[in-house]
Amino acid sequence: MSYKKAKHILPLELLKEIQKYVEGESIYIPRRSDRKKPRGTSAASLEYFQKRNAQIFSEYLTGESQDLLSEKYFLSLKSIQRIIRQEKMIHNM
């Protein structure tokens, strides 16, 4: 996230209105809901989840129970089952 000077991007009238509520502080303006990216779609998070899911599947294949995997990875049993199902499809099992 980068910071921009409000006086360079906002109309003066809007800047004055905002200053009624906050001035001299940084504020975060969230993205519009129609422009939000789905959770887990950044390159770093996508790689993290792929590695985690592969690890979960590997442990499942070596006999680890779904209940234990759920506890170990702090995920619901349904999430573990979904991950295993997806990994099976990836590996054509």
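My aim in this report is to walk through the structure given alongside it, one point at a time.

## Re the overall build of the chain
Okay, step 1: Within the chain one finds 5 helices and 0 strands.
Okay, step 2: Whereas a compact globule of 93 residues would reach a radius of gyration of roughly 12 Å, the chain reaches 22 Å, over 25% beyond that.
Okay, step 3: Along the first, second and third principal axes, the C-alpha atoms of the chain reach 65 × 25 × 20 Å.
Okay, step 4: The buried share of the chain, taken over its 93 residues, is 16%.
Okay, step 5: The long-range fraction of contacts in the chain, counting pairs at least 24 apart against all pairs at least 6 apart in sequence, stands at 34%.
Okay, step 6: Working note: accessible area of the chain is about 8200 Å², and carbon and sulfur atoms make up 54% of it.
Okay, step 7: Each charge class in the chain can be summarised by its mean position, and for the 18 positive and 11 negative side chains these summaries are 6 Å apart.

## Quick notes on the packing of helix α3 (residues 43–61) against helix α5 (residues 77–90)
Okay, step 1: Axis separation between α3 and α5 bottoms out at 9 Å; the angle between their running directions is 90°. Relative to α5, α3 is oriented roughly perpendicular. Contacts from Arg52, Asn53, Ala54, Ile56, Phe57 and Tyr60 of α3 reach α5 at Ile80, Ile83, Ile84, Glu87 and Lys88.
Okay, step 2: Here the contact of α3 with α5 is built from residues that sort into 7 nonpolar, 1 polar and 3 charged.

## Examining the side chain of asparagine 53
Okay, step 1: When you line up the elements, asparagine 53 lands in helix α3.
Okay, step 2: Look at asparagine 53 and you get buried, because its relative accessible area is 11%.
Okay, step 3: Beyond its immediate chain neighbours, meaning those up to four positions away, asparagine 53 contacts Ile83 and Glu87.

## Describing the nonpolar core
What tends to happen in soluble globular proteins is that the nonpolar side chains get buried as a cluster.
Okay, step 1: Among the nonpolar cores identified, the biggest contains 8 residues, and these are Ile56, Phe57, Leu69, Tyr73, Leu75, Ile80, Ile83 and Ile84.
Okay, step 2: Looking at this core, the elements with two or more residues in it are α3 and α5.
Okay, step 3: If one sorts the elements of this core by residue count, α5 sits on top with 3 residues.
Okay, step 4: When residues no more than four places from it in sequence are discounted, the contact partners of isoleucine 80 are Ile56, Gln66, Leu69, Ser70 and Leu75.

## Digging into the packing of aromatic side chains
Okay, step 1: One pass over the structure, following the stated rule, counts 2 aromatic pairs.
Okay, step 2: With centroids separated by 5.2 Å and ring planes inclined at 70°, the aromatic side chains of tyrosine 48 and phenylalanine 49 adopt a geometry described as edge-to-face.
Okay, step 3: Accessibility expressed as a relative area gives 23% for phenylalanine 49, which makes it partly exposed.
Okay, step 4: Summarising the aromatic geometry, the rings of phenylalanine 57 and tyrosine 60 are spaced 6.4 Å apart at their centres and angled 25° between planes, so their arrangement reads as stacked. Of this pair, phenylalanine 57 and tyrosine 60 both sit in helix α3, separated by 3 residues, roughly a single helical turn.
Okay, step 5: Note on phenylalanine 57: relative accessible area 4%, which makes it buried.

Definitions and limits used
- Every chain's residues receive numbers from 1 upward, in the order its sequence appears when written.
- In view of the model being predicted, local features appear only for residues whose pLDDT reaches at least 70, and side-chain atom pairs are presented and counted only at 80 or more, with totals across whole chains, interfaces and linings using the full set of residues.
- Hydrogens are left out, water is left out, and the side-chain values use all remaining heavy atoms of the structure.
- Each helix corresponds to a stretch of at least 4 residues labelled H or I by DSSP, and each strand to a stretch of at least 2 residues labelled E; elements are numbered beginning at the N terminus.
- The globule rule used here is 2.2 Å times the number of residues to the 0.38 power, and the radius of gyration it is set against is calculated over C-alpha atoms.
- Under the scheme applied here, a residue whose accessible area is under 20% of the maximum for its type counts as buried, over 50% as exposed, and between as partly exposed, the area being computed with a 1.4 Å probe on protein chains only.
- By definition in these notes, contact holds between two residues if any of their heavy atoms fall within 4.5 Å.
- Methods summary: accessible areas were calculated by the Shrake-Rupley approach with a probe of 1.4 Å, and residue burial reflects only the protein chains presented.
- Charged residues are defined here as Lys and Arg on the positive side and Asp and Glu on the negative side; His and the ends of the chain fall outside this count.
- A single reference atom marks each charge: NZ on Lys, CZ on Arg, CG on Asp, CD on Glu.
- A fitted line through C-alpha atoms represents every axis, and for helices the fit uses only the stretch in contact; the resulting angles, taken between N-to-C directions, go from 0 to 180 degrees.
- With respect to orientation, any angle under 35 degrees is reported as roughly parallel, any angle over 145 as roughly antiparallel, any angle of 65 to 115 as roughly perpendicular, and every other angle as oblique.
- Note that Gly is not counted as nonpolar here; it falls among the polar residues with everything else outside the nonpolar set of Ala, Val, Leu, Ile, Met, Phe, Trp, Tyr, Cys and Pro and the charged set of Asp, Glu, Lys and Arg.
- We call a set of buried residues a nonpolar core when its members are Ala, Val, Leu, Ile, Met, Phe, Trp, Tyr or Cys and they connect through side-chain atoms within 4.5 Å of each other.
- For this analysis, a ring pair means two rings from Phe, Tyr or Trp (six-membered ring only for Trp) whose centres lie within 6.5 Å, classed as stacked if their planes differ by under 30 degrees, edge-to-face if by over 60, and tilted for the remaining angles.

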